[in-house]
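Summary of the model geometry
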Amino acid sequence: MALINPLLGSNLVTGAAPFDTTLIGNSIWLDGSADYLDRTPSSAGSTTRWIVSVWCQRNTFGVDTGSAETIFSAGTSGNELWLQFGTTDQLEFGIAVPGDVGKKYSSAKYRDVGWYHLCVSFDSTSTVGPANRIRLFVNGNEITALSSSTNTPSGQTTPVNDALLQRIGE
């Protein structure tokens, strides 16, 4: 699995050199297998309206890695959600609770060395149109060129903010 580096703060890092945790204070290196962060909330919050925002740096790209690089996930098999770089370097967001009830996969491939700011905005309330219930942003720009998309039904709940396992970097 390729490595992903969530961080607190921002800076541009180039090259495939090992991650330097002293370069940016409070930054961490998560290898995606043994190193990750997880939490299970003791009670549920809003599962129909939330935002996830992260900084990450890719260090393996441009080839079919054979496995996705998951940045954030929530829930367990059959009731899950994920934000990841797919096996072909596209940004993927999906919800399966059960079945595909919402997804947006970018057409663009993300193969640049440096930091990415990723943001997912989810709002399944009835006041939001179906095409805008899931919105993806990379470095402040909304991703509208999609290779795959499924609109989320009004009122759809997700594992995010539920009393289910939430993970970063696994």
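Remember, predicted model here, so these are calculated numbers, not experimental data.

1. What to know about the confidence of the model for the protein
Averaged over the protein, the pLDDT score is 84; the fraction of residues at 70 or greater is 82%. Counted against residues more than four places away or in other chains, residues 1–15, with its pLDDT under 50, gives 60 contacts.

2. Regarding the sheet that holds strand S2 (residues 49–57)
To summarise the sheet geometry, strands pair through backbone hydrogen bonds and adopt either a parallel or an antiparallel arrangement. Strand order in the open sheet formed by 4 strands is S2-S7-S8-S9, and the pairing between neighbours is antiparallel. The sheet terminates laterally at S2 and strand S9 (141–142), the two strands that pair on one side only. Here S2 runs beside strand S7 (residues 115–123); their pairing, made up of 9 bridges, is antiparallel. Bridge pairing in S7 links Trp50 to Phe122.

3. Some details on the side chain of Glu69
Checked against the element boundaries, Glu69 lands in strand S3 (residues 69–76). A distance of 2.5 Å separates polar atoms of two side chains, one belonging to Glu69 and the other to Arg58.

4. Some thoughts on the environment of Arg49
Relative to the elements of secondary structure, Arg49 occurs in strand S2. Distance in space between the C-alpha atoms of Arg49 and Arg133 is 9.0 Å, their sequence separation being 84 residues. Discounting residues that sit within four places of it in the chain, Arg49 has contacts with Phe122, Asp123 and Asn161. Only 3.1 Å separates the side chain of Arg49 from the side chain of Asp123, close enough to count as a polar contact.

5. A look at unusual backbone geometry
For the bond from Val97 to Pro98, the omega torsion is -15°, close enough to zero to count as cis. Look at Asn139: it is not a glycine, yet its phi comes out positive at around 50°. Within the fold, Asn139 resides in the loop between strand S8 (134–138) and S9. Among the residues examined, Asn139 registers a relative accessible area of 42% and is labelled partly exposed. Despite not being glycine, Asn161 shows a phi value in the positive range, around 70°. Assignment of secondary structure puts Asn161 in the loop between strand S10 (146–150) and strand S11 (166–168).

6. Thoughts on the pattern of salt bridges
What the rule picks out here adds up to 5 salt bridges. Between Glu69 and Arg58 there is a salt bridge, with its nearest N and O atoms 2.5 Å apart. With Glu69 in strand S3 and Arg58 in the loop between S2 and S3, this residue pair connects regions lying 11 residues apart in the sequence. Arg58 shares its class with Glu69; the two are buried. The salt bridge partner of Arg135 is Glu142, with a shortest N-O separation of 2.9 Å. With a relative accessible area of 30%, Arg135 lands in the partly exposed category. Overall, Glu142 belongs to the partly exposed group, its relative accessible area being 31%. Here the salt bridges share partners, and the residues they tie into one network are Arg58, Glu69, Asp89 and Arg111.

About the criteria used
- Residues numbered from 1 in each chain as written.
- Predicted model: local features only at pLDDT ≥ 70, side-chain atom pairs only at ≥ 80, totals over all residues.
- Heavy atoms only, no water.
- pLDDT = per-residue confidence, 0-100.
- Contact = heavy atoms within 4.5 Å.
- Pairing = 2+ DSSP bridges.
- Helix = DSSP H or I, 4+ residues; strand = E, 2+ residues; numbered from the N terminus.
- Polar contact = N/O pair within 3.5 Å; in protein donor to acceptor, adjacent residues only side chain to side chain.
- Buried < 20%, exposed > 50% of the residue type's maximum accessible area, 1.4 Å probe, protein only.
- Salt bridge = Lys/Arg side-chain N within 4 Å of Asp/Glu carboxyl O.

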